[in-house]
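# Structural features, examined
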Amino acid sequence: MVLVCNMIDSEDKIINIDIDKEMRTAYIDYAMSVIVSRALPDVRDGFKPVHRRVLYAMNDTGNVHSSPHKKSAKTVGEVIAKYHPHGDSSVYFTLVRLAQPWNLRYTMVDGQGNFGSIDGDSPAAMRYTEARLSRIAAEMLRDIDKETVDFQNNFDDTLQEPVVLPTRIPNLLVNGAAGIAVGMATNMPPHNLGESIDGCVAYIDADGEIEISELMKYVKAPDFPTGGLIYGYAGVKEAFETGRGRIVIRSRCEIEQHANHERIIVTEIPYQVVKSDLVASIAQLVNEKKIDGISDIRDESNRQGIRVVIEIKRDANASVVLNKLYKQTALQSSFSVNNIALVNGRPMLLNLKDLIREFVDHRHDVVTRRCIYELRKAKERAHILEGLLIAVDHIDEVIAIIRAAKDPNEAMANLIARFELSEIQARAIVDMRLRALTGLEREKLRNEYEEIARQIAYLEMLLGSKEERMKVVKQELLEVREKYADDRRSEIIYASEEFNPEDFYADDEMIITLSHMGYIKRTPLTEFRTQSRGGVGAKGSDTRSEDFVEYIYSASMHATILLFTAKGKCYWLKVYEIPEGAKNAKGRAIQNLLNIDPDDKVTAFIRIKDLTKDEAFVNSHYLMFATKTGMVKKTLLEAYSRPRTNGVIAINLNEGDEVVSVRLTNGRNQILIANRNGRAVRFDESTVRTVGRNSIGVRGMRLDEDGQDEVIGMIAIKHPEEQTVLVVSEHGYGKRSSIEDYRTTNRGGKGVKTMQVTDKTGHLIDIRAVEEDNDLMIINKSGVAIRISVKDIAVIGRATQGVRLINLDKRGDDIASVCSVISEEEMAEAETPKGEGVTSLSTTDADTTAEDDIIVES
């Protein structure tokens, strides 16, 4: 069905019109009007019509940089009355934006008064502010009176306005543009003027035969007026090559040490970010406890620049807090590049070379048209000078002809007849003043004629050679560069490796502790001293009364820690990202460092020295999981080598099951699993086939059916001849046994006795493989820590109850966690210089590291 409407023409005739066709035509007309006349900039001068009209009106009324400021309302009225019949607010806000140094890299208007602020404040009304063109704006309008660009009628056909400005600066590159049209939009970043002109000059020198990669040596990246750090170069490269890309911008932040805490100082923010909104969003995240570690935030900005101070709590790590701010606030934002501009009236997507080519072609066109204009004017002046020189050479006869004539017209006719002059020359002679008869004036005329003759020859030479015209274009660009170029404001960070936090931390050994309620911290290993077996220990952690240290591990500062939770998820954390605290400090809630579910907790650690770079290692090693119900699973380490912020599923679990232990293996190790009732099973790792991350695994140990039994730990035996099996009970008893005491059986069995469990010893709480040169860190539930040498613990049979490792009778509490670390003697030896080219032993040597202290170095 076709809808038809009736229209009446001037002769009162009814005309049937198809509504569908009329709507299509009208909408297309509207869309093209928005695209061409409102929303998209011209590739040649980088302006939309309203910007062009504002500059032209100000220039036309003499409101230039060398004149006093004039009321903004006068300029707005001039623009509306003559060229832009729209609302005064749209024209005024255009004028305001042209004057805001945080919006434009090179402002075109010099404003006086309140023109808003980077905090999002509105400008004062136009009747209060004053403005004039800036000095660089003169380069946008230079030579506009020399017929260098086309003019068109204004909206009422009473005046002429320029179609484009004869700009000497690549304005679309240096100031960018933004606009939303119908069905398309543009978002172009600003660039440095010096770099942009260098790119144009390189294009001219190569006669257009230059690749984008070569141009990028000159135009390195966008240069935002608010500075900041361009973080990563891939987005910049994509934008230059295709016209579209995503550029990440970071605030410029410095971490300062102030009194007994750190503070983050923000001095530059990303482009188009409102500073007051940024500060408010950070404060809101702190109030909502989505970011922990910030005690105060202040905006100390002034006329000299931006300064936002973020105070960090004493127990917080400023680097970790800053990374969270980058992730959750506008301290890090992105600029989506979409280089769409009008080329010959049509919207086109442009890469870097396209932008430079169109501008250079425009400049060449302007220079050519200017040469044509100047040549015409020069020839007209030369023609007049030729007549004046003829008159000077025959001055007596000329005077006589003029004196004998009745009127000027007769005098002109007689001069034309006598000397074969043109009417223009005859008029110039008749209008000539008597002072031209002096010898000095006659000499000036001859000198001027000779100069005009040279100018004509030069202009004709330019018009006859494109190469010479391009030299003029290049020279004028270099003059603009000399006058207005400035230093780059946005620093380029080409690769994330250049911003590596590891450079700020020594690779020292740390003790990492995690409490039962999920508080984590790192403490230098040197803070713990060795005591004799049976000592009472030293206060190790000032936890809350209902909390206690549950896990303790050693790791170097640059290591990556894989954290596995009871619910079977895997998270990643660098050691230096863990807040440092004294050995009696509580630490930080791990939920503030990782996105762990509130009802989940970390139950296992694996430390890897280099997780992402050594492909051979991650493809030849495995993670072996043990769960509370006796299930085991083996998966290639490579499946866990791609860190993700929200973690990944490490193992699928049956209902009610939990991850108890995770071990790093080489595929040829033997596995020993122990349960709470004091039994252990030993089997070859090869009996467990390799499966994916999302698998459940197979039966590793059969538990007692008393309803209380569960797996308490697992070890991977790497060096049977050097390692012994250490077991510890909850009441402070422990012992070492030879690995050979545990016979190899099939997985899935009940195993053999590994410790005589009695009421005095309590149930088994930990099993691990240790070597003679290890030390043992033991922490009980009240937070007391003791460090003893493994060699002080006797090697006795499997079925014995062991010896007392820590005296708990005075406190009545239980053992919470056990960890084996490098001995103090070995550490001292490792720190002693061995001579050039000799590497001392440390816990980073995979072959000599205790089973639980896996730090692999590629």
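This structure is a prediction, so every number in the text was calculated from the model and none was measured.

## Topic: the overall build of the protein
The helix and strand inventory of the protein stands at 19 helices and 43 strands. Within the protein, buried positions represent 52% of all 858 residues. Pairs at least 24 apart in sequence give 72% of the contacts found in the protein among residues at least 6 apart.

## Topic: the pattern of salt bridges
Per the counting criterion, the structure on display carries 55 salt bridges. Across the pair Arg 454 and Glu 451 runs a salt bridge whose closest N-O atoms are separated by 2.7 Å. Placement of the pair is Arg 454 and Glu 451 together in helix H16 (residues 439–463), with a separation of three residues, close to one helical turn. The exposure class assigned to Glu 451 is partly exposed, which follows from its relative accessible area of 43%. Here the salt bridges do not stand alone but share partners, grouping Asp 143, Lys 146, Arg 168, Arg 363, Arg 370, Glu 374 and Glu 476 into one network.

## Here we look at the packing of helix H14 (residues 408–419) against helix H15 (residues 423–430)
Where H14 meets H15, the axes come as close as 9 Å, and the angle between the chain directions of the two elements is 125°. By the angle between their axes, H14 is oblique relative to H15. Classified by chirality, the crossing of H15 by H14 is right-handed. Contacts from Pro 408, Ala 411, Met 412, Leu 415 and Ile 416 of H14 reach H15 at Glu 423, Ala 426, Arg 427, Ile 429 and Val 430.

## A few points about the nonpolar core
Ranked by internal contacts, the top residues of the largest apolar core, which has 100 residues, are Leu 55, Met 108, Leu 193 and Ile 356. For Leu 55, the contacting residues outside a window of four places in its chain are Phe 47, Leu 98, Met 108, Leu 133, Ala 137, Met 140, Leu 141 and Leu 165. Of all hydrophobic cores here, the second largest spans 25 residues; its members include Val 266, Ile 291, Val 308 and Tyr 326.

## Comments concerning the pairing of strand E9 (residues 185–188)
Regular strands have side chains that alternate between both faces of the sheet. Relative to E9, strand E8 (residues 177–180) runs antiparallel, the two being bridged by four bridges. Each residue of the ladder has a partner; that of Ile 180, found in E9, is Ala 185. Where E8 folds back onto E9 in an antiparallel hairpin, the turn is made up of four residues, including Gly 183, whose phi is positive at roughly 80°.

## Quick word on the packing of aromatic side chains
A full pass over the atoms with the stated rule returns nine aromatic pairs. A centroid spacing of 5.4 Å and a plane angle of 90° characterise the contact between Phe 564 and Phe 625, whose relative ring orientation is edge-to-face. Here the residue Phe 564 occupies a position in strand E24 (residues 560–565), and Phe 625 occupies one in strand E28 (residues 622–627), the gap between them amounting to 61 residues. Centroid distance Phe 625 to Tyr 640: 6.0 Å. Interplanar angle 40°. Geometry classified as tilted. Within this pair, whereas Phe 625 is found in strand E28, its partner Tyr 640 is found in the loop between strand E29 (631–636) and strand E30 (648–649), the two being separated by 15 residues in sequence. The same class applies to Phe 625 as to Tyr 640, namely buried. Within the aromatic cluster, the residues linked to one another by ring pairs are Tyr 56, Tyr 83 and Phe 151. Directly above the ring of Tyr 231 sits Arg 250, whose terminal nitrogen or CZ lies 3.9 Å from the centroid. The side chain of Lys 633 reaches across the aromatic face of Phe 625, ending 4.8 Å from its centre.

## Some details on the side chain of Asn 63
In this structure, Asn 63 sits in the loop between helix H2 (49–60) and strand E3 (70–71). Residue Asn 63 is classed as buried on the basis of its relative accessible area of 0%. Discounting chain neighbours no more than four positions away, the residues touching Asn 63 are Met 58, Pro 68, Lys 70, Thr 75, Ala 131, Arg 132 and Leu 133.

## Things to note about the sheet that holds strand E4 (residues 109–112)
Sheets are built from strands paired through backbone hydrogen bonds, the pairs being either parallel or antiparallel. Spatial strand order, E3-E5-E4: three strands in an open sheet with antiparallel pairing. For this open sheet the edge positions go to E3 and E4, each flanked by a neighbour on one side alone. Note: E3 against strand E5 (residues 130–133), two bridges, orientation antiparallel. When the bridges of E5 are listed, Lys 71 appears paired with Glu 130. Set on the sheet, H2 makes contact with E4 and E5; between it and E5 the angle comes to about 90°.

## With respect to the sheet that holds E28
Ordered in space as E31-E28-E29-E34, the four strands form an open sheet in which the pairing is antiparallel. Looking at the sheet topology across the chains shown, the edges are occupied by strand E31 (659–665) and strand E34 (698–699). Where E28 lies against E31, six bridges are found, and the strand directions are antiparallel. The residue of E31 that forms the bridge with Ala 626 is Ser 661.

## A short note on helix H10 (residues 275–287)
Owing to its 3.6 residues per turn, the α-helix brings residues three or four apart onto one side. Its 13 residues give H10 an end-to-end C-alpha distance of 19 Å, which sits within 8% of 18 Å, the value for a rise of 1.5 Å per residue. When we look at burial in H10, the residues that qualify are Lys 275, Leu 278, Val 279, Ile 282 and Leu 285. End-on, the buried residues of H10 take up no more than an arc of 125°, which puts them together on one face. Packing partners of the buried residues in H10 comprise strand E14 (294–299), strand E15 (308–312) and helix H11 (318–328). Looking one or two residues beyond H10, the residue adopting positive phi is Lys 289, at roughly 60°.

## Some details on the UniProt feature "active site" (unreviewed entry) in the protein
UniProt annotation of "active site" (unreviewed entry) refers to Tyr 128 when read in the numbering used here. Structurally, Tyr 128 is set in the loop between E4 and E5. Judged by relative accessible area, which is 53%, Tyr 128 ranks as exposed.

## With respect to the packing of helix H13 (residues 395–404) against H14
Between H13 and H14, the least distance of the axes is 8 Å, while the angle of their chain directions is 145°. Note that H13 runs across H14; the crossing there is right-handed. Across the interface between the two elements, Glu 397, Val 398, Ile 401, Ile 402 and Ala 404 of H13 pack against Glu 410, Ala 411, Asn 414, Leu 415, Arg 418 and Phe 419 of H14. Residue classes in the contact of H13 with H14 are distributed as seven nonpolar, one polar and three charged.

## Here's the deal with the pairing of strand E20 (residues 509–515)
Taken across its seven residues, E20 has seven buried, putting it largely inside the fold. Going residue by residue along E20, you find Glu 509, Ile 511, Thr 513 and Ser 515 tucked away on one face and Met 510, Ile 512 and Leu 514 tucked away on the opposite face as well. Summarising the sheet, E20 and strand E21 (residues 519–524) pair through five bridges and their orientation is antiparallel. From the neighbouring strand, Leu 514 faces E21, where its bridge partner is Ile 520.

## Thoughts on the environment of Ile 269
In this fold, Ile 269 is placed in the loop between strand E13 (261–268) and H10. Sequence separation between Ile 269 and Cys 253 is 16 residues; the distance between their C-alpha atoms is 8.9 Å. Here Ile 269 is in contact with Ile 118, Thr 226, Gly 227, Ser 251, Lys 275, Leu 278 and Ile 306, once residues within four sequence places are set aside.

## Examining the side chain of Asn 103
Among the structural elements, Asn 103 can be located in the loop between helix H4 (88–97) and E4. Only 2.6 Å separates the side chain of Asn 103 from the side chain of Gln 100, close enough to count as a polar contact. Apart from the residues within four sequence positions on either side, Asn 103 is in contact with Arg 97, Pro 225 and Tyr 271.

## Notes on the confidence of the model for the protein
Reading fine detail from the predicted coordinates is not recommended where pLDDT is low. Overall, the predicted model of the protein reaches an average pLDDT of 85, with 88% of residues at or above 70. Here helix H19 (residues 824–831) is the element of the protein with the lowest mean pLDDT, 46, and E5 is the one with the highest, 97. In this model residues 827–858 is a low-confidence stretch, pLDDT under 50, and it forms 66 contacts with partners more than four residues away in sequence or in other chains.

About the cut-offs
- Residues numbered from 1 in each chain as written.
- Predicted model: local features only at pLDDT ≥ 70, side-chain atom pairs only at ≥ 80, totals over all residues.
- Heavy atoms only, no water.
- Helix = DSSP H or I, 4+ residues; strand = E, 2+ residues; numbered from the N terminus.
- Buried < 20%, exposed > 50% of the residue type's maximum accessible area, 1.4 Å probe, protein only.
- Contact = heavy atoms within 4.5 Å.
- Salt bridge = Lys/Arg side-chain N within 4 Å of Asp/Glu carboxyl O.
- Axes fitted to C-alpha atoms, helices over the stretch in contact; angles between N-to-C directions.
- Parallel < 35°, antiparallel > 145°, perpendicular 65-115°, else oblique.
- Left-handed = near helix turned anticlockwise from the far one by under 90°.
- Core = buried A, V, L, I, M, F, W, Y, C linked by side-chain atoms within 4.5 Å.
- Pairing = 2+ DSSP bridges.
- Phe/Tyr/Trp six-rings, centres within 6.5 Å; stacked < 30°, edge-to-face > 60°.
- Lys NZ or Arg CZ within 6 Å of the ring centre and 35° of its normal.
- Expected span 1.5 Å × (residues − 1).
- Arc of directions from axis to C-beta.
- UniProt positions renumbered as here; feature names shortened; annotations may be inferred.
- Nonpolar A, V, L, I, M, F, W, Y, C, P; charged D, E, K, R; others polar.
- Polar contact = N/O pair within 3.5 Å; in protein donor to acceptor, adjacent residues only side chain to side chain.
- pLDDT = per-residue confidence, 0-100.

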